[in-house]
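Descriptive analysis of the structure
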Amino acid sequence: MKISVVGGGYVGLITGACLAEKSYHVTIIDIDKKKIDAINLGRSPIYEKGLEELLARHSGKNLLASTGYESVRDSEISIICVGTPMGEDGSADLKYIVSAAESIGRELKNSGGYHVVTVKSTVPPSTTSGTVVPAVMSASENNPNIGFAMNPEFLREGIAVDDFMNPDRVVIGSDDKKSGDLVESLYSDFNVRILRTGLVSAEMIKYASNSFLATKISFSNEVGNICKSFGIDVYEVMEGVGLDHRISPYFLNAGCGFGGSCFPKDVSALIHLAKSKGVDPVLLRSVLKVNEVQPILIVDILKKHLGDLNGKRIAVLGLAFKGDTDDIRDSRAVPAIERLIMEGADVHAFDPMANENMKAVFPEITYHDSAAGALEDADGCLVMTEWPEFSRLDKEFDKMKKRVIIEGRRILSIPDAEGICW
Ligand code: UGA
């Protein structure tokens, strides 16, 4: 089967490369010529475990990349994987979705073969039926051979290839059986539960899933803040909580909160959607509120030990929104550093991968090539990312002027670090 994947970003690349691994003939379409050239040369424009190997195996063979949409004409399925950034008011901005839908529609104008346009991007409920269908139908001059489906992604950055190949579930939304059946056939080789729903439910499943995971994290953080006031360890408490199979042990790690390109954006979008329908999303608003408070709280704990931070040298270890990535989007390190700067602290930062990206946000702070460099002569230290290598830090802390070490992620193995909520 021939497939066109629109969007060569993180979701599109993983989807295209993994479907090529499953022997489909895939063309990835993107406007960025540099990205297209890299893919065609078998080089990955982003770092993602296992992706480079997949590209090396399939690029130029059954995986091609192009800046044009011509491949859509001979494909049976096109998969829209473009971004849906957060607009000013927290809503999802659909401009890339509309443009992809129109371009696909134009290619399908005179096409006689059956083709299913599938949305994989995270889009607000009703976007496929209310925005994508009309855009494709109008651009294709109402070609009757086009079907529509919604197939959300549940990929975590860093382990996205594995998540694609071994999913917990595959959700396929369609309002007609034929469209859903064709998309389902893509997964015939996967040993996985496939859930068939309507288009709008599939869209909502993605928002509800991310919002629930974000809720678990904010819940653990709030319970952690309470545990700390009792002098008990939230990790021990959550271990006991997570053993209940109705709860599960995952995503209960308390700390400085969730970041990344998905949770903050998707919870905000669901809040916006609820309000637009006259529903007050009390719980979701609190989820974001707890998340905003945690990075402020960690600086407050530091101040309890050091008093006024003006002129004090503070090491910040970890800038990425989680370990094993250079992605700093909505990283909890950003509001913490903002606060430190506001308090007049002299910030010395280190991240194994994300220093360069953070320089664009905070050019005024000092960056180091090692944790030891950032810790030298520091009055205090904040740990903001769960980098595995931080668990091996030990003697490096002896370089500090004062050993005041506050962890926003439970990662250090030294006895005198204080946790944000443990
Ligand atoms: C998240 C979801 O996990 C994916 O299922 C989803 O497909 C993806 O968003 C998306 O919508 O595209 P991702 O943003 O890559 O994936 O990152 P996660 O591994 O989920 O972590 C998100 C944030 O939560 C990180 O800042 C992490 O440190 C934090 N976190 C995670 C906690 O604070 N505690 C936990 O127990 C788990």
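Overview of the structure. Given the structure is predicted, the values throughout are model-derived calculations rather than measurements.

Below, the discussion takes up the site of the ligand. Around the ligand, the surrounding shell holds 21 residues, and the nearest of these are E157, K206, N210, C262 and F321. Note that an oxygen atom of the ligand is positioned 2.9 Å from one of the backbone N or O atoms of N253. Take E386: an N or O atom from its side chain is 3.1 Å from an oxygen atom of the ligand. In isolation the ligand exposes 720 Å². Once the protein is present, 93% of that is buried.

Let's shift gears to the packing of helix α8 (residues 199-230) against helix α11 (residues 282-306). For the pair α8 and α11, interaxial distance at closest approach is 9 Å and the crossing angle is 45°. In terms of axis orientation, α8 runs oblique to α11. Of the two elements, α8 crosses α11, and the hand of that crossing is left-handed. Contacts between α8 and α11 involve S211, A214, T215, S218, N221, E222, N225 and K228 from the former and L283, L284, V287, V290, N291, Q294, L297 and I301 from the latter. Considered class by class, the residues forming the contact of α8 with α11 number 7 nonpolar, 7 polar and 2 charged.

Attention shifts here to helix α2 (residues 33-40). When α2 is considered as a whole, its buried residues turn out to be I36, A38 and I39. Summarising the axial view, the buried residues of α2 lie within an arc of 160°, below the 170-degree limit, and thus occupy one face. Pointing more than 90 degrees away from the buried face of α2 are the exposed residues K33 and K34. On the buried face of α2, the contacting elements are α1 (10-21), β2 (25-29), α3 (51-58) and β3 (63-66). Regarding α2, its N-cap is D32, as a side-chain oxygen of that residue lies 3.0 Å from the backbone nitrogen of K34 further along. The positive-phi residue at the C-terminal boundary of α2 is G42, with phi of around 80°.

Within the open sheet, the 6 strands sit side by side as β11-β10-β9-β12-β13-β14. Their pairing is parallel. In this open sheet, the two strands that pair with only one neighbour each are β11 (366-367) and β14 (418-419). Note that strand β13 (residues 405-407) and β14 share 2 bridges and pair parallel. Paired with I406 across the two strands is E418, which belongs to β14. This element, α11, spans β9 (313-317), β12 (380-383), β13 and β14 of the sheet and lies at about 160° to β12.

About the criteria used
Residues numbered from 1 in each chain as written. Predicted model: local features only at pLDDT ≥ 70, side-chain atom pairs only at ≥ 80, totals over all residues. Heavy atoms only, no water. Near = heavy atom within 4 Å. Polar contact = N/O pair within 3.5 Å; in protein donor to acceptor, adjacent residues only side chain to side chain. Areas by Shrake-Rupley, 256 points an atom, 1.4 Å probe, with all protein chains shown as cover. Axes fitted to C-alpha atoms, helices over the stretch in contact; angles between N-to-C directions. Helix = DSSP H or I, 4+ residues; strand = E, 2+ residues; numbered from the N terminus. Parallel < 35°, antiparallel > 145°, perpendicular 65-115°, else oblique. Left-handed = near helix turned anticlockwise from the far one by under 90°. Contact = heavy atoms within 4.5 Å. Nonpolar A, V, L, I, M, F, W, Y, C, P; charged D, E, K, R; others polar. Buried < 20%, exposed > 50% of the residue type's maximum accessible area, 1.4 Å probe, protein only. Arc of directions from axis to C-beta. Pairing = 2+ DSSP bridges.

So far we have only geometry, and geometry alone does not tell us how the molecule works.
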